[in-house]
Amino acid sequence: MRYQFLISVLIAFLGMTVKSQDVPLISCNLNRVDFAKFVELAESETGVTFYYQPEWVESLKVSLDVDKITLSSAVEKALLGSGMDYRFIYPDRMIILQERPPVLYVNHLTKNGASQGIQEVNTRESDGDGQYMEASRPEQILQTIVVGEREAGFSRTAARIRGRIRDVDSGEPVIGATMLVTETGKGGISDQNGTVTMSMPPGQYRVQFSFIGMETFNCRLEVHSDGDFRVDMQSAVIAINEVQIVGNHYRDINSTDVGVERLSMSSVKQMPLFMGENDVIKISKLLPGITSAGEASVGVNVRGGSADQNIFYINRVPIYNTSHMFGFLSAFNSDIVQDFSVYKGNVPVNYGGRLSSVFNIVTRKGNLKRYTAHAGISPVSAHLTTGGPIIKEKLSFLVSGRTSYSDWMLKQMEDPLLRESNAGFYDFSGALNFFPNEKNDISAFYYQSSDRFAYGDISEYAYGNRGGSLVWKHMISPALSSTITGAMASYDFSNVEKQEISNAYQHTYQLNHTELVAEFNWVPAMNHRIEFGADMVYYGLDRGVVEPYGEQSLRTPVDLGNDRGVEASLFLSDNITIFPWLSLYAGLRYSSYSMLGPKMVRNYEEGEPKTEATVVDTVYYDNNEQLSFHSGPEIRAALNVKLGQQTSFKLSFSQMRQYLFMLSNTVTISPTDQWKLSDYHILPPTGVQYTTGFYHIWPSLGLSGSVEVYYKKMENVVDFKDGASFIGSPFTETAVLQGEQNAYGLELMLQKSSGRLNGWISYAYSRSLMQVKGVDENQSINRGDPYPSNYDRPHVLNVIWNYKLNRRFTFSSNVVYMSGRPNTSPASLYYIGDYVYIDYYAKNQARVPDYFRIDASITIEGNLKRDKKFHSTWSFNVYNLLGRNNPQSTFYEPAENYLKGYSFSVIGVPIFTVAWNVKLGNYESN
Amino acid sequence: MRALIYICLFCFVSLTWAQSVPGNPHGILCDRSLYLAGEHVYFRVFNTGEQKYMDPQLNKVYYLELISWDGSPLVQAKFPLDSTGSRGTIRIPSDITSGIYYLKGYTKWMRQEGPEAYNYIELTIVNTGSKKVLPVDMEQEATVKMDYPDIQAAASGLLQTDLSGDFDRRSALTLSLSNTSPVAMDLSLSTVNRGLLEQQRVSIPLFSRSPGVTDELIPETRGVSISGKIQYAEDGSAAPYALVYLSYIGSEIIFLCNYSDSAGRFYFTLPEGSGERELFISADIDGKGPLELFVDLDFCSDPVILPAKALILDSSDIKLIETLWINAQIQQQYPKEAPAKQKTEKDQERFFYGEPHKIILFNDFIRLPTLEEYFTEVTPEVSVKRVNRQKKLLVQGSHPELDFYAPLIMVDGVAIFDVDALLAISPRAVDRFEIINEPYIRGNVTFGGIINVVTKKGDLASIDLPTSGSLITYKLFGKVQHKISGDKPEHRRIPDSRNTLFWNADLSLDPGESKDLEFFTNDQEGNFQVLIRGYDMNGNYFEKSIPFTVD
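## A few points about the overall build of chain A
- Scanning chain A from N- to C-terminus turns up 8 helices and 58 strands.
- When contacts within chain A are restricted to residue pairs at least 6 apart in sequence, those whose partners lie at least 24 apart make up 66%.
- A total accessible area of about 39100 Å² is found for chain A, and carbon and sulfur atoms account for 55% of it.

Quick look at the structure:
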């Protein structure tokens, strides 16, 4: 504007500043000389004084070849292109101006020009109205995230948006973070790669991202079209007394998940320790519906199912034995666990293969930005975890190891046999995570564990897991992503039994599991979220040879043979939001199973018990020849009816099929238990579960509560004949009976996951009844009548609480009450001749005494200084504070003329442990 | 006690006022009568002793406003007032509309008389950047009478003057003055292009109201003051004896505290200073009820109408304006060298309490989510208590007073009452805590120690200020300028285009005294005049003009 006009007004009115008036003339011939030089020349020729700021003309060169032109036009030419202007003030001042001055308006103020003026009132400095001054206040501004092309404007169709939620400090994905859109009330939860996918109409939204242990991130989301966005969440030390409902509880209300328990490591870390270690499996046993046989037991029983009905995945690697030291510790180093979920009700279609539950553990990804390390020692073991970037922001690693040195403890035992014993374990895991770009995510994981135990000179065990997985997650488009997983796992054990020299034997066993899964996640429209894919598992079992041990053993070697099988499944599910208050999960998994040769199969007489005596003939199947085939659909469906923002009601129906089971004649899993594939004779167990649940959250109190009722009916469940031995013959069908199992229960849970006091109370009433009705009484158990299963515990109450006095002192405790396990007790004892005979009541009609235990711990953290190399934590724990003898089992021995009952308990005294954990960095480092 | 002082003041004022007779129209003089938008007006206010409302004993602040004829203020400023009067400069807004304006001057004590008794002087202001003109309503009857000053020729004759020098461009001129009268003279002196300083109309004070002492108009006997009232938000009733805090926001750390009086009114005299300050004032009565706080307007908002006059220029005016404009443009493009930058590296910022006993540097610790946790986890000197659902902070220490008195709680030296708002501050914004764990006594208020939350940016961390507090921008003194005389430009290539060659607001001559004054001409040739105006000690106004030509 100001450059557009020449000063026409000036020309009209100014006598003294008109550029061309009464002008001095100048002639010169200059070639690229400094402006100062030009000035010198002009001044000497015209007598006009030049005024200018020397810095303005420092780089200005003048080339001028003119003859008698006005000084003004000479200056104009000299300044050409410099953006500068000049003002000649008659008669003798030439003033250079850095820029052209604005237009001068003045003639409207004369009498003649008055009509040109525009009447306008000034803006007043202050509002004179009123008596008092106005006070002001600062405002808050939110960050805006733009999704899609801003230039293109808002698209008309729904936009599929995908966000990647990362921890800004480590670059690791945040799993299970909640994204909540304030305007629509809709939300999403980030998956195992920290991605959250949503479909929404384009527009502007206020969005909140929250996750336990992270600072809640509020922002404005401007959605234009399909696209990706990234959210960096800042890990936060959660306010010690802040009460909030995050993640899991949001999911309780809004998702169709039924019978799912989730624990994030930040909540696991607050639990009381046992032997100085956090242990996810141990903590899972405190959740409703999950029980175990007691101390030192390996397996878990989920909703009345046997221990072999659960599968444990760590980064998709199946682990067939999840314990160290007979279950005193679990095989997972909790330092590497990031997220832990248990599906005990409705299992998503991409998982299958077990009747009762899926335990899914996702490990941390290595820190992409800096090195981390954790270490700890406890009376029995030491552990070390370290991770960090190999290529910053692209490639990271995480390795973790644990080893025991528990022999000194055994040396303190009273039992001379235990003093002679030794035990040990180690586990190792390593992970590599590669993020080549925003669209791909490749991770490799390796896991290995090993345990050994020598019980005096009576027996020796050794077992181990080994496995690895490779996962490639690829974002095909904002709406479609794929995950391809290859996993291999093997489990083996060897066992030497030498109590009786004449019967001493040794046995080695190995199971190989190879799995390939392709999963696709597709968001085709706003109300749908489709998952589909295929899953293929190859099982190879080398059941080993039972060989005599030592020269004096009289045993004949028995080759238990090999089992090979292939399980293949296709799955498809859709999560449909029908109305904001009604959503449906409809899924189908179709699985098939083939047992493959080579295999020798016996045929037995029709309708007769399968014994050596009823063998008709033997058929030999060639290599890869299919000797049995089973298939069937597994329907998984769930319905969520939201009864408000804080309440929901859910129904679910879930079918499961299982193609391998465990041969076990002990109550708990023992290292010698063998996995066995279902075969020509043994049908795959199947199950169906109906669950209904009612969920409510009290956000102001930070409480969430749930009630779930389930009924489970399972068929072809395997039980074993009394006194069955699995190492005497390769023909398992002679020792196995199949029946049906009914389980039902009610589970109550009240949880507070934040605040100074947190924890949960859970109560479960449940029954688990078996019925094995064979062709005759010999082929039945309990005469074919229903009987409580070995793990039937009607009442279970768990109370877990933590109280944070402040950040550095935490008290925690848990209380466990369980009904005693069923057992079969003798009814009478009689003598025939010198022999004692014992008559028993019906199977599992009696119970061992109830189980009750209180643990307590105090954790003392190091100081909260920021700049320090190490942060350490002391934990003082008492396990079984009351020193109660909780019987594991009871047994009877005949005395004079009665039976003397004994109960056996594993730990009958309080066990006090001190653990010291240390990590690189400060209190908040992970 | 306070009431007694008022009564005494009232008696004193009434007595002195009763004796005073409205004298000559006088008050404000300026360096010119014609200005461009964006220029500075240099002024001098004479205190001839006639106007008792300007008694410097009672008034230390002179309020000056640039207003249009209808009384709307465009510029408001405060200047220190002493026995000789006041002087200084104000800048005309560059977006002002061309028109005839007035300067309005008064003291707080004069406000009892109403705007008719204030001092006014007419100014012509031209905005060369716009075609807008100030509308005038000739129908409106003025409430203030304006006239040309009555010049006492006799007094002028007793002032001997002599101007000597080369009368060349960029040369020094010497003005010799000598007072041959038997009374002292108080003068101001202006040297401008001839025509830029014409006789200006000044007001003739009218005393329309009978004076009365009101609570609101407490004389400013020490400096710029701020006053207001506190009331209960619920029913609007006055909140007496509330503790009132006043703090400056920004680099200057000032903290004042006092109690409101029985009528809920509070009054503070602000420490000496110039420019504008952000103030935060808050009040509290032991956590009782939400309070509302009102701050009185510092400038008089009583309506006033001055004679409306249209701005019509003739050709000679236009010529002058063009010269002014050219000079202004040159000045704008050749800015005077910026004054040497103040040392930005300040010493460790010190608050009024000096060295704190304990400093908790947030950087030393991990990030904690709330400020409360910083107190509970890493600051053993402070405990957070919950009393009736309200959180309270207590300083722990060996002095028993710490248990009885609430501590002084501040954010960046800004005192606040609302502990919840303090605890809601994001710890990210905070640099440190400073803690004094000894009782702190300020006037009649005792504090159980001091807790100061110092933010990283010194911006109070966007604290959610409570309704019982007010954040206001308050004017302290404007720029006091006694003299401009120009000097030789250091570089011969830099033009000198001052529109006012010489201004001296403070020139007093005792009887028989002579003075030599030196000033510099600028690059411009033409006709100038030195105008000497002032009063003798008898209160007679006189003028003397010395024309000269530069060629």
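## So, the overall build of chain B
- In terms of helices and strands, chain B carries 6 helices and 35 strands.
- Put simply, chain B has 551 residues, and 57% of those count as buried.
- Considering only residue pairs separated by 6 or more positions, chain B has 76% of its internal contacts joining residues 24 or more positions apart.
- Taken as a whole, chain B presents about 22800 Å² of accessible surface, with 49% of it coming from carbon and sulfur.

## Let's talk about helix 4 (residues 371-378) of chain B
Residue and element names in this part refer to chain B.
- Judged by how many residues are buried, helix 4 sits mostly within the fold: 7 of 8 residues are covered.
- Of all the positions in helix 4, only L371, E372, E373, Y374, F375, E377 and V378 are classed as buried.
- The elements touched by buried residues of helix 4 are strand 21 (358-361), strand 22 (382-387), strand 23 (390-395), helix 6 (419-423), strand 26 (430-436) and strand 29 (450-455).

## Some words on the nonpolar core
- Core analysis: the biggest nonpolar cluster contains 122 residues, and F35, F38, F50 and I96 of chain A together with L66 of chain B have the highest contact counts within it.
- Element by element, the count of residues in this core is highest for helix 3 (residues 315-333) of chain B, at 8 residues.
- Other than its neighbours up to four places away in sequence, F50 of chain A contacts F38, V39, A42, E43, L71, V75, M94 and I96 of chain A together with R493 of chain B.

## What to know about the environment of S63 of chain A
All names here are of chain A.
- Within the element layout of this structure, S63 appears in strand 3 (residues 61-70).
- Look at S63 and you get partly exposed, because its relative accessible area is 46%.
- Separated by 25 residues in the primary sequence, S63 and F38 place their C-alpha atoms 9.1 Å from one another.
- In this structure the side chain of S63 is engaged in a polar contact, spanning 3.0 Å, whose partner is the backbone nitrogen of R32.

## Thoughts on the environment of F50 of chain A
All names here are of chain A.
- Structurally, F50 can be placed in strand 2 (residues 49-51).
- A residue is classified by how much of its surface remains accessible, and F50, at 0% relative accessible area, is buried.
- In the structure, F50 is positioned 10 residues away from E40 in sequence and 8.9 Å away in space, judged by C-alpha atoms.

## Concerning the sheet that holds strand 13 (residues 185-193) of chain B
All names here are of chain B.
- Within the open sheet, the 5 strands sit side by side as 31-32-13-34-35. Their pairing is antiparallel. Bordering the open sheet on either side are strand 31 (483-484) and strand 35 (541-550), each of which pairs with just one other strand.
- Relative to strand 32 (residues 500-509), strand 13 runs antiparallel, the two being bridged by 7 bridges. Bridged to D186 within strand 32 is S508.

## Looking at the sheet that holds strand 19 (residues 317-319) of chain A
Residues and elements named next belong to chain A.
- Pairing is mixed in the open sheet, where 5 strands are placed in the order 15-22-23-18-19. Pairing within the sheet leaves two strands with one partner each, and these edge strands are strand 15 (260-264) and strand 19. Averaged over all pairs of adjacent strands, the angle between their axes in this sheet comes to 20 degrees, without regard to strand direction.
- One ladder, built from 5 bridges, connects strand 15 with strand 22 (residues 337-343); its direction is antiparallel. Of the residues in strand 22, the one forming a bridge with V260 is Y343.

## Re the packing of aromatic side chains
- All chains considered together, the criterion is met by 48 aromatic pairs over all chains.
- Ring pairing ties together the aromatic residues F167, F502, F519, F528 and F548 of chain B, which thus form one cluster.
- Here the guanidinium or amino end of R602 of chain A rests over the ring plane of F731 of chain A, the centre of that ring lying 3.6 Å away.
- Lying over the aromatic face of Y695 of chain A, K650 of chain A brings its terminal NZ or CZ to 4.4 Å of the ring centre.

## Some points on a negative patch on the surface
- A contiguous patch of negative charge on the surface is contributed by E605, E608, D776 and E777 of chain A.
- Tracing the backbone through its elements, the reader meets E608 of chain A in the loop between strand 37 (599-604) and strand 38 (615-621).

## Focus on the side chain of Q200 of chain B
- Its location among the elements puts Q200 of chain B in the loop between strand 13 and strand 14 (202-204).
- Q200 of chain B has contacts with C30, R32, S33, I121, E122, L123, D147, Y148, P149 and R533 of chain B, leaving out every residue within four places of it along the chain.

## Side note on the pattern of salt bridges
All names here are of chain A.
- For the coordinates displayed, the defined rule picks out 55 salt bridges over all chains.
- Between D679 and K676 there is a salt bridge, with its nearest N and O atoms 2.8 Å apart.
- One salt-bridge network, in which partners are shared between bridges, spans R164, R166, R230, D232, K369, E393 and E438.

## Describing helix 3 of chain B
- Taking 1.5 Å of rise per residue, the 19 residues of helix 3 of chain B would be expected to cover 27 Å, and the 27 Å separating its terminal C-alpha atoms lies within 8% of that figure.
- The buried fraction of helix 3 of chain B amounts to 14 of the 19 residues, a majority that puts the element mostly inside the structure.

## Overview of a nonpolar patch on the surface
Residues and elements named next belong to chain A.
- Taken together, the side chains of L643, F649, L651, F694, V707, V709 and L748 define a hydrophobic patch exposed on the protein surface, amounting to about 530 Å² of accessible area.
- Elements with a minimum of two residues in the nonpolar patch: strand 40 (647-657) and strand 44 (703-720).
- You can call L651 partly exposed: its relative accessible area is 39%.

## Some details on the confidence of the model for chain A
- Looking at chain A, the pLDDT average stands at 85 and 91% of residues meet or exceed 70.
- Scored below 50 in pLDDT, residues 1-21 of chain A shows 43 contacts in the model against residues more than four places distant or in partner chains.

## Topic: unusual backbone geometry
- The step from G597 of chain A to P598 of chain A runs through a cis peptide bond, and the omega angle for that step is 5 degrees.
- Relative to the elements of secondary structure, P598 of chain A occurs in the loop between strand 36 (582-596) and strand 37.
- Even without glycine at this site, N844 of chain A takes up a positive phi of about 55 degrees.
- Among the residues examined, N844 of chain A registers a relative accessible area of 4% and is labelled buried.
- One non-glycine residue, R170 of chain B, lies in positive phi territory at about 55 degrees.

## Describing the environment of R170 of chain B
All names here are of chain B.
- Looking at where R170 falls in the secondary structure, it is placed in the loop between strand 11 (159-165) and strand 12 (172-179).
- Counting along the chain gives 349 residues from R170 to F519, while the straight-line C-alpha distance between them is 9.8 Å.
- Polar side-chain contacts of R170 include one of 2.4 Å to the backbone oxygen of I494.

Scoring rules and cut-offs
Residues numbered from 1 in each chain as written. Chains lettered and ligands numbered in written order. Predicted model: local features only at pLDDT ≥ 70, side-chain atom pairs only at ≥ 80, totals over all residues. Heavy atoms only, no water. Helix = DSSP H or I, 4+ residues; strand = E, 2+ residues; numbered from the N terminus. Contact = heavy atoms within 4.5 Å. Areas by Shrake-Rupley, 256 points an atom, 1.4 Å probe, with all protein chains shown as cover. Buried < 20%, exposed > 50% of the residue type's maximum accessible area, 1.4 Å probe, protein only. Core = buried A, V, L, I, M, F, W, Y, C linked by side-chain atoms within 4.5 Å. Polar contact = N/O pair within 3.5 Å; in protein donor to acceptor, adjacent residues only side chain to side chain. Pairing = 2+ DSSP bridges. Axes fitted to C-alpha atoms, helices over the stretch in contact; angles between N-to-C directions. Phe/Tyr/Trp six-rings, centres within 6.5 Å; stacked < 30°, edge-to-face > 60°. Lys NZ or Arg CZ within 6 Å of the ring centre and 35° of its normal. Patch = residues over 30% accessible without salt bridge, like charges linked within 9 Å, V, L, I, M, F, W, Y side chains within 5 Å. Salt bridge = Lys/Arg side-chain N within 4 Å of Asp/Glu carboxyl O. Lys, Arg positive; Asp, Glu negative; His and termini not counted. Charge placed at Lys NZ, Arg CZ, Asp CG, Glu CD. Expected span 1.5 Å × (residues − 1). pLDDT = per-residue confidence, 0-100.

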